[in-house]
Amino acid sequence: AAVQSGEIAALLEKAGIILLEEERTRVEEFLAAPAAEPTEVRWKRLASGRPPKPGPDAPVDWAVRLEDDRTDEDDRADYYQVTRFANVVCGDLLFTLGDPGSGEDGVDVCGNPIPAPPGAAVPVRAGENARYAEDGKTCIADGEGTVLLKNGVISVHAVHRVRGDVDFHAGN
């Protein structure tokens, strides 16, 4: 038996399905199809929700330069370039954490909101000779030496250790 367009519209309304603006045209075209040419429709998406978009992660505003600057604008390495280490003294600012961003809520087919998860706080822990200030967002050096970020832990070491040989990979 053929289903009439009025029956489909009534079923959508009875089910409490709210059409998003971009779906309204698709549904209207489907419902306005000529009844004189019946076709078998096994599956047709008439409505869909919109998934939530998570917020951006908390930004880190680095006060020290941790990356290796031996590459040029074409991303070619210059192993004759001297490697610079970030050296700090007690009380120097290492970084400041920003706030995670809020996401964009989604919506289900009935128009109910789907809460978006906020962005993640950046998991940088304070290690040896580094500490967070009372605000919980500012990390400060508690000693003097070279800054090292490894496995999500920032620390300040008085002695810079080079494992293996000192060669072009360690800097000039």
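Conventions and cut-offs
- Residues numbered from 1 in each chain as written.
- Predicted model: local features only at pLDDT ≥ 70, side-chain atom pairs only at ≥ 80, totals over all residues.
- Heavy atoms only, no water.
- Pairing = 2+ DSSP bridges.
- Helix = DSSP H or I, 4+ residues; strand = E, 2+ residues; numbered from the N terminus.
- Patch = residues over 30% accessible without salt bridge, like charges linked within 9 Å, V, L, I, M, F, W, Y side chains within 5 Å.
- Areas by Shrake-Rupley, 256 points an atom, 1.4 Å probe, with all protein chains shown as cover.
- Salt bridge = Lys/Arg side-chain N within 4 Å of Asp/Glu carboxyl O.
- Lys, Arg positive; Asp, Glu negative; His and termini not counted.
- Charge placed at Lys NZ, Arg CZ, Asp CG, Glu CD.
- Buried < 20%, exposed > 50% of the residue type's maximum accessible area, 1.4 Å probe, protein only.
- Core = buried A, V, L, I, M, F, W, Y, C linked by side-chain atoms within 4.5 Å.
- Contact = heavy atoms within 4.5 Å.
- Axes fitted to C-alpha atoms, helices over the stretch in contact; angles between N-to-C directions.
- Phe/Tyr/Trp six-rings, centres within 6.5 Å; stacked < 30°, edge-to-face > 60°.

**Student:** Would you explain the sheet that holds strand β10 (residues 153-157) in this entry?
**Tutor:** Through backbone hydrogen bonds, the strands of a sheet pair up, either in parallel or in antiparallel fashion. Taken in spatial order, the four strands make up an open sheet running β2-β9-β10-β6, and their pairing is mixed. Of all the strands in the sheet, the pair left with one neighbour each is β2 (87-88) and β6 (125-126). The pairing of β6 with β10 spans two bridges and is parallel. Directly across from R125, in β10, lies its bridge partner V153.

**Student:** It is not clear to me how a negative patch on the surface should be interpreted in this structure. Could you clarify?
**Tutor:** A contiguous patch of negative charge, built from E21, E22, E28 and E29, is present on the exposed surface. Overall, E28 belongs to the partly exposed group, its relative accessible area being 49%.

**Student:** Sorry if this is basic, but what is going on with the nonpolar core here?
**Tutor:** Most often, soluble globular proteins have nonpolar side chains that are buried together. One finds V88, L94, F95, V147 and I154 to be the most contacted residues of the largest nonpolar core, which totals 13 residues. When near neighbours in sequence (up to four residues on either side) are disregarded, F95 contacts V60, D61, W62, A63, V124, Y132, K137, T138, C139 and I154. With six residues, the next largest nonpolar core counts L12, L19, V27 and L46 among its residues.

**Student:** Teacher, can you tell me more about the pattern of salt bridges here?
**Tutor:** Opposite charge on two side chains permits them to pair, given that their charged atoms come into close proximity. Applying the stated rule across the entire model yields two salt bridges. Ionic pairing is found between D99 and K137, a salt bridge with its closest N-O pair at 1.8 Å. Separated by 38 residues along the polypeptide, D99 in the loop between β3 (93-97) and β4 (106-107) and K137 in the loop between β7 (130-132) and β8 (138-141) bring together distant segments of the chain. A relative accessible area of 53% places D99 in the exposed class. Judged by its relative accessible area of 29%, K137 falls in the partly exposed class. The salt bridge involving R131 is made with D142; its shortest N-O contact spans 2.8 Å. With R131 in strand β7 and D142 in the loop between β8 and β9 (145-150), this residue pair connects regions lying eleven residues apart in the sequence. Judged by its relative accessible area of 36%, D142 is partly exposed.

**Student:** Got a minute to help me understand the sheet that holds β8 in this structure?
**Tutor:** Here four strands make up an open sheet; going across it, the order is β1-β3-β8-β7 and the pairing antiparallel. Strands at the two margins of the open sheet, each flanked by one partner only, are β1 (60-62) and β7. Each adjacent strand pair in this sheet contributes to an overall mean axis angle of 20°, direction not counted.

**Student:** Looking at this structure, how should I read the environment of P52?
**Tutor:** The topology assignment puts P52 in the loop between α2 (21-31) and β1. Residue P52 is classed as partly exposed on the basis of its relative accessible area, which comes to 27%. Residues P52 and P117, spaced 65 residues apart in sequence, show a C-alpha to C-alpha distance of 7.8 Å. Discounting chain neighbours no more than four positions away, the residues touching P52 are E104, D105, G106, I114, P115 and A116.

**Student:** Explain a nonpolar patch on the surface to me, please; I cannot follow it from the model alone.
**Tutor:** Taken together, the side chains of W62, L66 and L149 present a nonpolar region at the surface, about 230 Å² in accessible area. Of note, L149 is situated in strand β9.

**Student:** Please clarify how the pairing of β10 should be interpreted in this entry.
**Tutor:** Here is the key point about a regular strand: its side chains alternate between the two faces of the sheet. Two strands pair when backbone bridges link them, and β9 and β10 are joined in this way by five bridges, in the antiparallel orientation. Looking across to β10, one finds that K150 is bridged to V153. Count of turn residues in the β9/β10 antiparallel hairpin: two residues, of which N151 carries a positive phi of about 55°.

**Student:** What exactly am I supposed to notice about the packing of aromatic side chains here?
**Tutor:** Taken as a whole and assessed by the stated rule, the structure comprises two aromatic pairs. Taking the centre distance of 5.9 Å and the plane angle of 85° together, the rings of F95 and Y132 count as edge-to-face. A residue pair is termed long-range when its members are at least 10 positions apart, and F95 in strand β3 and Y132 in strand β7 qualify at 37 residues. You can call Y132 partly exposed: its relative accessible area is 26%. By the ring-pair criterion, three or more aromatic residues cluster together here, those being W62, F95 and Y132.

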